Amino acid sequence: MRLDIITCLPDLFDGPINQSIVKRAQQKGLVEIYIHNLRDYSTNKHNNVDDYAFGGGAGMVLMIEPIDSCISKLKSERDYQEIVYLTPDGKTLNQGMANGLSMNENMILLCGHYKGVDQRVRDHFITREISIGDYVLSGGELAAMVLADSLIRLVPGVLNDESSALTDSFQDNLLAPPVYTRPAEYKGWKVPDILTSGHEAKIEKWRHDEAVKRTEERRPDLLK
Ligand code: 6GU
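To start, this report covers the structure provided alongside it. (Residues numbered from 1 in each chain as written. Predicted model: local features only at pLDDT ≥ 70, side-chain atom pairs only at ≥ 80, totals over all residues. Heavy atoms only, no water.)

## What to know about helix α3 (residues 64-77)
No. 1: For α3, with 14 residues, the first-to-last C-alpha span of 20 Å sits near the 20 Å given by 1.5 Å per residue.
No. 2: Those residues of α3 that sit buried are Pro66, Ile67, Cys70, Ile71 and Leu74. In an axial view of α3, the angular spread of the buried residues amounts to 120°, which keeps them on one side of the axis.
No. 3: For α3, the secondary structure elements touched by its buried residues are β1 (2-7), β2 (32-37), β4 (60-62), β5 (82-92), β6 (106-111) and α5 (119-124). (Helix = DSSP H or I, 4+ residues; strand = E, 2+ residues; numbered from the N terminus. Expected span 1.5 Å × (residues − 1). Buried < 20%, exposed > 50% of the residue type's maximum accessible area, 1.4 Å probe, protein only. Arc of directions from axis to C-beta. Contact = heavy atoms within 4.5 Å.)

As structure tokens, then:
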């Protein structure tokens, strides 16, 4: 999977894409992530990428020209299955969407900032608009990182234990069951006996029952 992320705040991505699972996915050659600084595509002398909104109102709007230059250059180099715009008025990201998007070879992620982007960008370049939840972030960058992380861990070979993504919360519309590790008893607090019994089938049933119980208690909406 190749992700081309377009942003006016490239430095924000330094940490998240160079650590842990995402870093390993890149080292293994399973994922390529390229950060493009929108400012590098500015055509005006001050390297501006935003301007006042027509009709007035507070907040700056990202201009179409640098975004067109950047997207068009990328599209001339390879085919993209999706050009995603991260925006709070997009469709809310869920595991089903992540599973679907993780099958794509090449995607562009456009991060909005300030008051957003010129609507013509959305009308003519964007194939999908995604939000990460009903709250407002200062820009699309954190949302792009959340989306990227959710996709990358689904690419085959990225996780060491192949089955691990399949047993995540949400993967079967259930929350994950409780987990424990050593010691089996700590300050008198004991791990459920079933988990140390060695009965694989019974353990699987216990985990499923606990997942259902937890989902009923915390997220009954997922069971509908
Ligand atoms: Cl994608 N962008 C911003 N600015 N805020 C958000 C969001 C995106 N998703 C949830 N809140």
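## Quick notes on the nonpolar core
No. 1: Formed by 32 residues in total, the largest nonpolar core has its most connected members in Leu86, Ile130, Leu147 and Ile152.
No. 2: For this core, the elements supplying multiple residues, two or more each, are β1, α2 (20-27), β5, α4 (95-101), β6 and α6 (141-152).
No. 3: When neighbours within four sequence positions are excluded, isoleucine 130 is seen to be in contact with Val84, Tyr85, Leu86, Thr87, Gly90, Lys91, Leu93, Met97, Leu101 and Leu147.
No. 4: Counting 19 residues, the second-largest nonpolar core is a separate cluster that includes Leu38, Tyr85, Leu110 and Val121. (Core = buried A, V, L, I, M, F, W, Y, C linked by side-chain atoms within 4.5 Å.)

## Observations regarding the sheet that holds β2
No. 1: As summarised here, the arrangement of the five strands in space is β2-β1-β6-β5-β7, forming an open sheet in which the pairing is parallel. What marks the edges here is a single partner per strand, and that holds for β2 and β7 (128-131). Direction aside, neighbouring strands of the sheet carry axes that sit 30° apart on average.
No. 2: Sheet topology note: the β5/β6 ladder contains five bridges and is parallel. Paired with glutamate 82 across the bridge in β6 is methionine 107.
No. 3: Relative to β1, α3 is tilted by about 165°, and along the sheet it contacts β1, β2, β5 and β6. (Pairing = 2+ DSSP bridges. Axes fitted to C-alpha atoms, helices over the stretch in contact; angles between N-to-C directions.)

## Things to note about the site of the ligand
No. 1: Residues in contact with the ligand, as listed here, are Leu86, Thr87, Pro88, Ile130, Ser131, Ile132, Gly133, Tyr135, Leu137, Gly139 and Ala143.
No. 2: A distance of 3.3 Å separates a nitrogen atom of the ligand from a polar atom in the side chain of serine 131.
No. 3: One of the backbone N or O atoms of tyrosine 135 is found 2.5 Å from a nitrogen atom in the ligand.
No. 4: In the complex, 95% of the free accessible area of the ligand, which totals 290 Å², lies under the protein chains. (Near = heavy atom within 4 Å. Polar contact = N/O pair within 3.5 Å; in protein donor to acceptor, adjacent residues only side chain to side chain. Areas by Shrake-Rupley, 256 points an atom, 1.4 Å probe, with all protein chains shown as cover.)

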